[in-house]
Structure formats: structure tokens, C-alpha cells
Amino acid sequence: MTSESVPTPVGTRSARATSSDRARLGAWSGTGLGVAVLWLSLLVLLPLAAVIAKGTGDGWSGFWDAVNNHAALTAIRLTVLSALAVAAINAVLGTLIAWVLVRDQFRGKGIVNALIDLPFALPTIVAGLTLIALYGQRSPIGINIAYTRTAIVVALAFVTLPFVVRSVQPVLRELDREAEQAAMSLGASPFVTFRRVILPALVPAIASGCSLAFAKAVGEFGSVVLISGNIPLKTQVASVAIFGHLEPGDIKGATALAVLLLAISLGMLLLIGVFERVARRHES
């Protein structure tokens with residue numbers, strides 16, 4: 001029998017096929033990674049680097065002088081406190097809405113579920129016009145909160161509502177109902193069951209949604225520019241203060257505030273990421 005007639009072992013063919021498949025997948029994966037990094041660089045990294053370079057063009061002393069004044073610090077403080085308040089409100093009410101949408105059945109549920117995403121689709125300036133028409137000086141329901149800090153919180157809560165709801169909903173759907181039934185069969189009240197069994201599983205999703213809501217609220221412009229009134233040292237948030245710097249051509253002051261907002265948002269996202277990892281480790 002010649003060497004050409006000796007059959008190749010099946011295991012050898014499988015090994016060669018597997019090696020070839022892995023090589024092809026590796027090539028495609030490398031190409032995909034390169035395209036993703038290029039696209040991310042063009043859309044995110046390069047613009048952010050340009051803003052940081054512009055904001056710190058006069059050195060860190062110039063950057064500090066641009067942001068270390070009473071008006072800028074007041075705007076930053078109002079923005080951060082309002083964003084924290086909105087994140088706390090969304091943590092409670094967003095979780096409640098997600099619970100109702102997942103666990104309860106009622107007429108119009110599909111409409112309510114669709115309305116949750118309305119702030120995503122609605123231009124934020126339209127949201128501002130809607131809010132000032134409803135809660136302004138000519139409010140049809142008799143509630144006038146225009147040009148107050150309360151109005152800022154309401155506007156930010158409106159545009160950030162979907163974040164916690166959409167983060168918590170999938171987790172609620174996948175929760176093991178047997179653990180809840182076991183807890184209740186052992187005499188646990190519904191509140192205790194929620195606090196000891198359900199809530200720990202929801203904490204990472206709530207934290208993720210709140211971090212996104214906070215980051216969105218810190219940089220929000222359209223929904224607050226009208227209803228806040230843009231009163232310096234009273235209702236002027238940081239994003240509107242940046243626009244105020246741009247109008248007279250103060251590019252360096254605007255970019256310095258933008259860099260500070262970027263640092264605050266990025267810091268909060270990193271902090272929440274650490275918290276999520278700790279929570280998952282504790283749960284496992």
C-alpha cells in the first residue's frame with residue numbers, strides 16, 4: 001500500500017480544521033477590533049482629547065483660574081447636586097416603574113411601556129418647551145415652578161427617567177421566582193422578601209442606571225435652558241454656563257468648564273463601576 005492510500009486519522013483532520021477555523025476567526029476578530037477602535041477614536045477619543053487640550057492650553061494654572069470663580073463654582077455645585085437628586089429619585093421611582101411593568105398586568109401596559117422611551121426620542125429642547133408650558137407662569141394646572149431649582153430637577157428627571165427603568169427591567173424578568181416563594185413560605189413578609197431576596201440582585205442594575213442618569217443630567221442642556229431661566233448664581237447650570245461663555249467668544253472658559261464636567265461624569269461612572277463589581281462579588 002502506498003503512502004497516498006493511508007487514510008488521515010479523523011482526530012488529525014479535526015485538529016487541522018479547528019486550527020484553521022480559529023485562524024479565520026482570529027483574523028475577523030482583529031479586523032473588527034481595529035474598526036471598532038478607529039470608529040471610537042473618531043467619534044469619542046479625538047474630540048475629547050481636543051477639548052481637554054483646548055481647556056488646558058494655558059496650563060493647569062490657566063485652567064484653574066477659568067473654573068475657580070464664584071459663578072462657575074456655583075453652576076457646578078448646582079449641576080452636581082441636581083444630578084445627584086435626580087439619580088436618587090430615579091433609583092426609587094424608576095425601580096418602582098420597572099416592577100409594575102414586569103410584575104403587574106393592566107390595560108394600557110404597552111402604551112406605558114412605550115412612553116418610557118419617549119425622552120430618548122424627544123428632542124430635549126421640545127421637552128423644555130413642554131415643561132415650561134405645563135409648569136410655567138401660564139400653567140394650565142396652576143403649578144408654576146419656572147425659573148427655580150425645582151424646575152431644574154423636574155426637567156432632569158424627565159430626560160433621565162428611562163435609564164433606571166430599562167436597566168432594571170431585564171434583571172427583574174430573569175429573577176428566580178422560586179427563591180421569593182421559598183422566602184414567603186418561611187414566613188417572610190413581602191417587604192422583607194423584597195429587601196433580602198430581590199433588592200440585592202437589583203442593586204447592580206440600579207447603580208448602572210443611576211450612573212447613566214447622573215452623567216446625562218450633568219451635561220443636559222436643552223430641557224433646562226428654558227425652564228431654568230438661566231439666572232446666574234441662582235438657576236444657571238454648568239451646561240448653560242458653558243453656552244454663556246461661548247456667546248461672547250470665551251472659548252477657553254467654555255472648554256475649561258467642559259473639561260471639569262467631563263472629569264466629574266467620568267469619575268462617577270468609574271466609581272459606579274467599582275461599586276457594581278463589589279456588589280457582584282458579594283452576591284456571588
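Everything numeric here is computed off the predicted structure, so don't read it as measured data. (Residues numbered from 1 in each chain as written. Predicted model: local features only at pLDDT ≥ 70, side-chain atom pairs only at ≥ 80, totals over all residues. Heavy atoms only, no water.)

**Let's talk about the overall build of the chain**
For clarity, the threshold we go by: Runs of E in the DSSP output that reach at least two residues are strands. Runs of H or I that reach at least four are helices, and both are numbered from the N terminus. Whether a residue is buried, partly exposed or exposed follows from its accessible area with a 1.4 Å probe, protein chains only, as a fraction of its type maximum: under 20%, in between, or over 50%, in that order. Any two residues whose heavy atoms approach within 4.5 Å at even a single point are treated as in contact.
Secondary structure summary: the chain contains 12 helices and 0 strands in total. Starting at the N terminus, the α and β elements of the chain follow one another as α-α-α-α-α-α-α-α-α-α-α-α. Within the chain, the proportion of its 284 residues that are buried is 32%. By sequence separation, contacts in the chain at least 24 residues apart represent 74% of the contacts at least 6 residues apart.

**What about helix 6 (residues 124–135)?**
Defined as follows: Each helix should span, by expectation, one fewer than its residue count multiplied by 1.5 Å.
For helix 6, built from 12 residues, the straight-helix expectation of 16 Å at 1.5 Å per residue is met to within 8% by its first-to-last C-alpha distance of 16 Å. Those residues of helix 6 hidden inside the fold are in contact with helix 7 (149–174) and helix 10 (222–225).

**Brief notes about the pattern of salt bridges**
Any two side chains of opposite charge can pair, given that their charged atoms come close. What counts, and what does not: Criterion for a salt bridge: a side-chain nitrogen of Lys or Arg within 4 Å of a carboxyl oxygen of Asp or Glu.
Within the structure shown, the criterion is met by 2 salt bridges. With a shortest N-O distance of 2.9 Å, Asp 117 and Arg 166 are connected by a salt bridge. Here Arg 166 lies in helix 7 and Asp 117 lies in the loop between helix 4 (109–116) and helix 5 (118–121), a separation of 49 residues in the sequence.

**What about unusual backbone geometry?**
We note that Tyr 147 has phi near 65 degrees; this positive angle belongs to a residue other than glycine. Within the chain, Asn 230 stands out as a residue other than glycine whose phi angle is a positive 55 degrees. Position of Asn 230 among the secondary structure elements: in the loop between helix 10 and helix 11 (238–246). Residue classification places Asn 230 among the partly exposed positions, given a relative accessible area of 29%.

**Structural notes on the packing of helix 6 against helix 7**
Threshold: A fitted line through C-alpha atoms serves as each axis, taken over the contacting stretch for helices, and the angle formed by two N-to-C directions is quoted from 0 to 180°. The labels follow the angle: roughly parallel below 35 degrees, roughly antiparallel above 145, roughly perpendicular from 65 to 115, and oblique for the rest. By convention the crossing between two helices is left-handed if the near helix lies anticlockwise of the far one by an angle smaller than a right angle, and right-handed if it lies clockwise. Gly falls in the polar group here, along with every residue not listed as nonpolar (Ala, Val, Leu, Ile, Met, Phe, Trp, Tyr, Cys, Pro) or charged (Asp, Glu, Lys, Arg).
For the pair helix 6 and helix 7, interaxial distance at closest approach is 11 Å and the crossing angle is 135 degrees. The angle between helix 6 and helix 7 falls in the class oblique. The two elements helix 6 and helix 7 meet at a crossing, and its hand is right-handed. For the pair helix 6 and helix 7, the contacting residues are Thr 124, Ala 127, Leu 131 and Tyr 135 in the first and Val 154, Ala 155, Phe 158 and Val 159 in the second. Taken together, the residues of the contact of helix 6 with helix 7 sort by class into 7 nonpolar, 1 polar and no charged.

**Some words on the nonpolar core**
Counted only if it meets this: Buried Ala, Val, Leu, Ile, Met, Phe, Trp, Tyr and Cys residues that are joined via side-chain atoms within 4.5 Å together make up what is termed a nonpolar core.
Grouped together as the largest cluster of nonpolar side chains are 30 residues, with contacts concentrated most on Ile 152, Leu 156, Val 224, Val 237, Leu 257 and Leu 261. Only helix 2 (59–67), helix 3 (70–103), helix 7, helix 9 (190–218), helix 10, helix 11 and helix 12 (251–283) provide two or more residues apiece to this core. Of the residues forming this core, the biggest block, 6 residues, is contributed by helix 3. Ranked by size, the runner-up nonpolar core spans 16 residues in total, among them Ala 98, Leu 172, Leu 175 and Cys 210.

**Some remarks on the environment of Leu 226**
Structurally, Leu 226 is set in the loop between helix 10 and helix 11. Assessed through its relative accessible area of 31%, Leu 226 is described here as partly exposed. With near-sequence residues (within four places) excluded, Leu 226 lies in contact with Ile 125, Gly 128, Leu 129, Ile 132 and Tyr 147.

**Details of the confidence of the model for the chain**
The following threshold applies: You can read pLDDT as the predictor saying how much it trusts each residue, on a scale of 0 to 100.
For the chain, per-residue confidence averages 82 on the pLDDT scale, and residues scoring 70 or more make up 88% of the total. Within the model, pLDDT remains below 50 along residues 1–6, and this stretch shows 1 contact once partners closer than five positions in the same chain are excluded.

**Description of the side chain of Ser 211**
Of note, Ser 211 is situated in helix 9. Apart from residues lying up to four places away in sequence, Ser 211 is in contact with Leu 269 and Ile 272.

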